[in-house]
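# Descriptive analysis of the structure
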Amino acid sequence: ERRSVLAITEPPRFHSQAKGKNVRLDAHSRKATRRNSFCNGVTFTNRPIHLYEKVRLKLVAVHHGWSGALRFGFTIHDPSQMSSDEIPKYACPDLVTRPGYWAKALPERFAVRDNILAFWVDRHGRVFYSINDEEPILFHCGIKVSGPLWALIDVYGITHEVQILDSMFAETMTTARLSTARLSTCLPQSNHDSANFNNNELENNQVVAKIANLNLSRVPGLATDNHIIPCCPNRRQRAQGVPAFLDTDLRFHPTRGPDITFSQDRMVACTNWQESNRTLMFSDRPLHIGESLFVEVGHLGLPYYGALSFGITSCDPSTLRTNELPADPDFLLDRKEYWVVYRAFPVLNSGDILSFMVLPNGEVHHGVNGTSRGMLMCVDTSQSLWVFFTIHGVINQLKILGTVQSSPVTVSPSGSPGGSQYDSDSDMAFSVNRSSSASESSLVTAPSSPLSPPISPVFPPPEPSSSKNGECTVCFDSEVDTVIYTCGHMCLCNTCGLKLKKQLNACCPICRRVIKDVIKIYRP
């Protein structure tokens, strides 16, 4: 029956319209090439994929200048109904935090030129993949198979060009063969994959638990029409390290995404786990310098995706309208105000307590259950700064516990208290805009030359925007025209940037993160 279906079905191609802005297709829509950067490479197939039909991709070109590799999976959404504005930069975590999208990253060790990746979904909603027709690897569970499914392919990172080959059908996975199938539970090969891994680690752990007692007559996972789920189940006691007395004058601002519901006192925000698209929420007042904010996470504990984003902005939420709030906070980076977004949090459990604090030097530090996890980002402290969050999937609640004015924190050379090993270095995790003049000043002002050894810096408050806004922070002569990879700060001229890159343990003069590369930019 499967062979007869294959005989009358045209081989899949890439969808000619629904694709990221950096994707170029050949004349037959069988080959997809990412032209620029490492992202904006999301593509889809032009037709739905049958159950057990293998989507076969040849990795035509692999460039090792980036981190992370191809992302792939399925969606129930017809790409023909998508506009270009709906296709984000990344499949993971941008798409997979929306209902009806399932995707993960291909481990970098398999992202080798001329390798052939095949992936398929069976009638139980399980996704498998194989490399060069070797033994299948169980990749995903819980796919909705009651309707049509289109393949989702993100030509990402080191994966530069892929080609769709003719389809084949997979054999049914028997119980004996399934017991020998490997599980895709390996750690990502780089911090660049951390956001994708964090979203999937809980699911993989539960897949391992299910695999031994798998009943092939049932689809694993939760019924898709089950909307009756408590807002925050399995609450546990507060973690150690949280102050016993917290001020409770900070609440959520009434302006919020339409999928968010507040408690009467606006201290708790909830969302339906299957309809958590537009979930932006803001604090109702700016966070003071040196003030710690404590929030508690509610998690359903189900083997599905969950994601939390945190950000800081100079925009007063009272000036925003609900219909202006996007599903993806990255779309806010184009506004004129100052916006910074962080995504790559570790796997969170129900009852976890997160803390956030802005230091006088602009560093934003965070902790989990009373343990410091280091610096998240650097921000411009010359403005009033509101915090904002988004929650998605099975992370269905966020509760503000309160705030406390903290004592000053000594900053170590690593950029975190005591040199915490949890300092983030994820490219996907951190986004910033530089639209306002005040934020521009904060990004190009540094007190000392980065050519000296990386000692513990003590940054003064950012200079007013009227002082040396466009001058290199090393030579204080040439105009800033270079951006630092991976932190994104733009504070050097190209000559000093190239010299700094050659230094041993060179780090950014703003945030002290390690410099992997410097990129010259060209203004219009």
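Use the structure listed above.
Residues numbered from 1 in each chain as written. Predicted model: local features only at pLDDT ≥ 70, side-chain atom pairs only at ≥ 80, totals over all residues. Heavy atoms only, no water.

Within the protein, the regular secondary structure consists of six helices and 29 strands. Counting the 524 residues in the protein, one finds 56% classified as buried. A separation threshold of at least 6 residues defines the contact pool for the protein, and within that pool the share at least 24 residues apart is 75%. Just so you have it, the protein exposes about 22,100 Å², and 50% of that area is on carbon and sulfur atoms. (Helix = DSSP H or I, 4+ residues; strand = E, 2+ residues; numbered from the N terminus. Buried < 20%, exposed > 50% of the residue type's maximum accessible area, 1.4 Å probe, protein only. Contact = heavy atoms within 4.5 Å. Areas by Shrake-Rupley, 256 points an atom, 1.4 Å probe, with all protein chains shown as cover.)

Read across the open sheet, the seven strands follow the order E16-E17-E26-E19-E22-E23-E24; overall the sheet is antiparallel. Since the sheet does not close on itself, it has two edges, and those belong to strand E16 (261–262) and strand E24 (371–378), each with one partner. In terms of strand pairing, strand E23 (residues 363–368) meets E24 through five bridges, oriented antiparallel. Along E24, the bridge assignment pairs Glu363 with Cys378. (Pairing = 2+ DSSP bridges.)

A few words on the pattern of salt bridges. Within this structure, the stated rule accounts for ten salt bridges. One salt bridge connects Arg30 with Asp166, and the closest N-O pair in it is separated by 3.0 Å. Note that Arg30 is positioned in the loop between strand E2 (23–25) and strand E3 (31–34) and Asp166 in the loop between strand E12 (159–164) and strand E13 (168–169), a separation of 136 residues in sequence. By relative accessible area, which is 43% here, Asp166 ends up partly exposed. Each of Asp249, Arg285 and Glu291 takes part in a single network of salt bridges with overlapping partners. (Salt bridge = Lys/Arg side-chain N within 4 Å of Asp/Glu carboxyl O.)

Here we take up the side chain of Ser292. Residue position: Ser292 is located in strand E19 (residues 291–299). What makes Ser292 buried here is its relative accessible area of 8%.

A few words on the packing of aromatic side chains. Per the counting criterion, the structure on display carries 17 aromatic pairs. Measuring from ring centre to ring centre gives 4.5 Å for Phe72 and Phe139, while their planes differ by 10 degrees; the resulting arrangement is stacked. Of the two residues, Phe72 is situated in strand E6 (residues 71–75) and Phe139 in strand E10 (residues 137–140); the sequence distance between them amounts to 67 residues. This pair shows no difference in class: Phe72 is buried, exactly as Phe139 is. Each ring, one from Phe282 and one from Trp339, has its centre 6.3 Å from the other, and the planes form 70 degrees; the classification is edge-to-face. Of this pair, Phe282 sits in strand E18 (residues 281–283) while Trp339 sits in strand E21 (residues 339–342); the two residues are 57 residues apart in sequence, bridging distant segments of the chain. Members of the aromatic cluster, each reached through a chain of ring pairs, are Phe72, Phe74, Phe110, Phe119, Tyr129 and Phe139. (Phe/Tyr/Trp six-rings, centres within 6.5 Å; stacked < 30°, edge-to-face > 60°.)

This part covers the sheet that holds strand E7 (residues 101–105). The antiparallel open sheet is built from five strands, whose spatial order is E1-E4-E11-E6-E7. At either margin of the open sheet sits one strand with a lone partner, and together these are strand E1 (14–19) and E7. Strand-to-strand twist across the sheet, computed as the mean angle between neighbouring axes with direction ignored, equals 25 degrees. Judged from the two bridges that link them, E1 and strand E4 (residues 42–45) form a sheet pairing that is antiparallel. Counterpart to Phe14 in the pairing with E4 is Thr45. (Axes fitted to C-alpha atoms, helices over the stretch in contact; angles between N-to-C directions.)

Turning to the nonpolar core, a few remarks are in order. Counting 37 residues, the largest nonpolar core has Met281, Leu308, Phe310, Val379, Phe389 and Leu398 as the members making the most contacts within it. Setting aside residues no more than four positions away along its own chain, Phe310 makes contact with Val340, Val341, Tyr342, Phe345, Phe356, Val364, Leu376, Met377, Val387, Phe388 and Phe389. Listed in part, the 32 residues of the second largest apolar core include Val62, Trp102, Val121 and Ile164. (Core = buried A, V, L, I, M, F, W, Y, C linked by side-chain atoms within 4.5 Å.)

Despite not being glycine, Asn40 shows a phi value in the positive range, around 55 degrees. You can see Asn40 is positioned in the loop between E3 and E4. Residue class for Asn40 comes out buried when judged on its relative accessible area of 10%. Unusually for a residue other than glycine, Asp133 sits at a positive phi of about 60 degrees. Within the secondary structure, Asp133 is located in the loop between strand E9 (127–131) and E10. Here Asp133 falls in the exposed class, since its relative accessible area comes to 53%.

Our next topic: the environment of Ser318. Relative to the elements of secondary structure, Ser318 occurs in the loop between strand E20 (306–313) and E21. Along the backbone, Ser318 and Asp284 are 34 residues apart, and their C-alpha atoms lie at a distance of 8.6 Å. There is a polar contact of 2.9 Å between the side chain of Ser318 and the side chain of Asp316. (Polar contact = N/O pair within 3.5 Å; in protein donor to acceptor, adjacent residues only side chain to side chain.)

The next subject is the pairing of strand E5 (residues 53–62). Burial runs high along E5: nine of the ten residues are buried. One ladder, built from two bridges, connects E5 with E13; its direction is antiparallel. Residue pairing for E13: Lys54 is matched across the bridge by Met168.

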